[in-house]
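# Remarks on the overall topology
Letter by letter, the chains look like this.
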Amino acid sequence: MQPEQIFFEDDGDIPNSKLPLLLYRDAFDHRGPEGARWLEERFAENNWLNAWRNGVYAYHHYHSTSHEVLGVYSGSAELHLGGEGGQKVQVEAGDLIVIPAGVGHKNLGSSRDFRVVGAYPGGSSYDLKTGKEGERPQADRNIAAVPVPATDPLTGREGGVPEIWRKAES
């Protein structure tokens, strides 16, 4: 399964990343609570830990200390990715989004039942940045120090994150 690759430029407020956001469409069949459990187990098997269940904030934000995966197990949403100058993307149950450190994301509107499982490579701790004045250049240094994970949250050691992001780094 090959994910869509979406690149975003630094917009001045949201740093984004030279690494592409990866969007797996219709990547899994499980829905509802069963889907949430499946995602948590799959992420844990592939060393994407510190999992949580919820939605996506309705304001632009990013993480400078970790990459993040979001697995949609219920409902649908329109997400604004990459900050104000980024791209609006419709996601629905079965989709999985791997967000590189620094890439902005925001919920523009969702169905009442929209829910995701989120997790982080190695269970890394994450911060919450919103593009406010003064966040950079420290956020830029943090992003540059976040390593490419050894595994993809969906496919493990084969393809996905390690393969695509290592190529993008070179």
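Attention here is on the structure that accompanies the text. Just so you know, these numbers come straight off a predicted model, no measurement behind them. (Residues numbered from 1 in each chain as written. Predicted model: local features only at pLDDT ≥ 70, side-chain atom pairs only at ≥ 80, totals over all residues. Heavy atoms only, no water.)

Here we come to the nonpolar core. Judged by nonpolar contacts, the single largest core of 20 residues is most densely connected at Phe43, Leu96, Val98 and Trp165. Within the residue set of this core, elements represented by two or more residues are β2 (17-24), α1 (32-45), β4 (68-74), β7 (96-99), β9 (115-121) and α3 (160-169). Discounting residues that sit within four places of it in the chain, Val98 has contacts with Leu21, Leu22, Tyr24, Trp48, Glu68, Val69, Pro153, Val161 and Trp165. One finds Phe8, Leu79, Ile97 and Val116 within the second-largest nonpolar core, a separate group that totals 17 residues. (Core = buried A, V, L, I, M, F, W, Y, C linked by side-chain atoms within 4.5 Å. Buried < 20%, exposed > 50% of the residue type's maximum accessible area, 1.4 Å probe, protein only. Helix = DSSP H or I, 4+ residues; strand = E, 2+ residues; numbered from the N terminus. Contact = heavy atoms within 4.5 Å.)

The next point concerns the sheet that holds strand β6 (residues 87-92). With antiparallel pairing, the three strands of this open sheet are ordered in space as β6-β5-β8. In this open sheet, the two strands that pair with only one neighbour each are β6 and β8 (105-110). Each neighbouring strand pair of the sheet contributes to a mean axis angle of 30°, computed without reference to strand direction. Pairing between strand β5 (residues 76-81) and β6: six bridges, direction antiparallel. Residue pairing across strands places Ala77 opposite Val91, the latter belonging to β6. (Pairing = 2+ DSSP bridges. Axes fitted to C-alpha atoms, helices over the stretch in contact; angles between N-to-C directions.)

Right, let's get into the side chain of Asn16. With respect to the secondary-structure elements, Asn16 resides in the loop between β1 (4-8) and β2. For Asn16, a relative accessible area of 3% gives the class buried. Only 2.9 Å separates the side chain of Asn16 from the backbone oxygen of Glu9, close enough to count as a polar contact. Apart from the residues within four sequence positions on either side, Asn16 is in contact with Phe8, Glu9, Asp10, Asp11, Gly82, Ala101, Gly102, Val103 and Gly104. (Polar contact = N/O pair within 3.5 Å; in protein donor to acceptor, adjacent residues only side chain to side chain.)

Judged by side-chain polarity, Tyr57, Tyr59 and Leu128 come together as a nonpolar surface patch covering roughly 290 Å² of accessible area. For Tyr59, the location among the structural elements is in the loop between β3 (48-54) and β4. (Patch = residues over 30% accessible without salt bridge, like charges linked within 9 Å, V, L, I, M, F, W, Y side chains within 5 Å. Areas by Shrake-Rupley, 256 points an atom, 1.4 Å probe, with all protein chains shown as cover. Salt bridge = Lys/Arg side-chain N within 4 Å of Asp/Glu carboxyl O.)

Okay, the packing of aromatic side chains next. According to the stated counting rule, one finds three aromatic pairs in the structure shown. Summarising the aromatic geometry, the rings of Tyr57 and Tyr59 are spaced 5.1 Å apart at their centres and angled 15° between planes, so their arrangement reads as stacked. With a relative accessible area of 45%, Tyr57 lands in the partly exposed category. Between Tyr120 and Tyr126, the aromatic rings sit 4.3 Å apart at their centres with planes inclined by 15°, giving stacked as the arrangement. (Phe/Tyr/Trp six-rings, centres within 6.5 Å; stacked < 30°, edge-to-face > 60°.)

Before going further, it helps to examine the side chain of His80. On the secondary structure map, His80 appears in strand β5. Among the residues examined, His80 registers a relative accessible area of 4% and is labelled buried. At 3.1 Å, the side chain of His80 and the backbone oxygen of Gly83 are in polar contact. Sequence-distant contacts of His80, that is, excluding residues within four places in its chain, are made with His60, Gly86, Gln87, Lys88, Gly104, His105, Lys106 and Leu108.

Here the focus is α3. Among all positions of α3, only Gly160, Val161, Pro162, Ile164 and Trp165 are buried. Its buried side turned inward, α3 meets β1, β2, β3 and β7.

The next point concerns the pattern of salt bridges. As enumerated under the stated definition, the model contains six salt bridges in all. Arg136 is paired through a salt bridge with Asp10; the nearest N and O atoms lie 2.3 Å apart. Of this pair, Arg136 sits in the loop between β9 and α2 (138-145) while Asp10 is found in the loop between β1 and β2, placing the two residues 126 residues apart along the sequence. We classify Asp10 as partly exposed; its relative accessible area is 40%. Here Asp140 and Arg136 are joined by a salt bridge, their closest N and O atoms 2.9 Å apart. A relative accessible area of 23% places Arg136 in the partly exposed class. Put simply, Glu4, Arg25 and Asp95 are held in one network by salt bridges that share partners.

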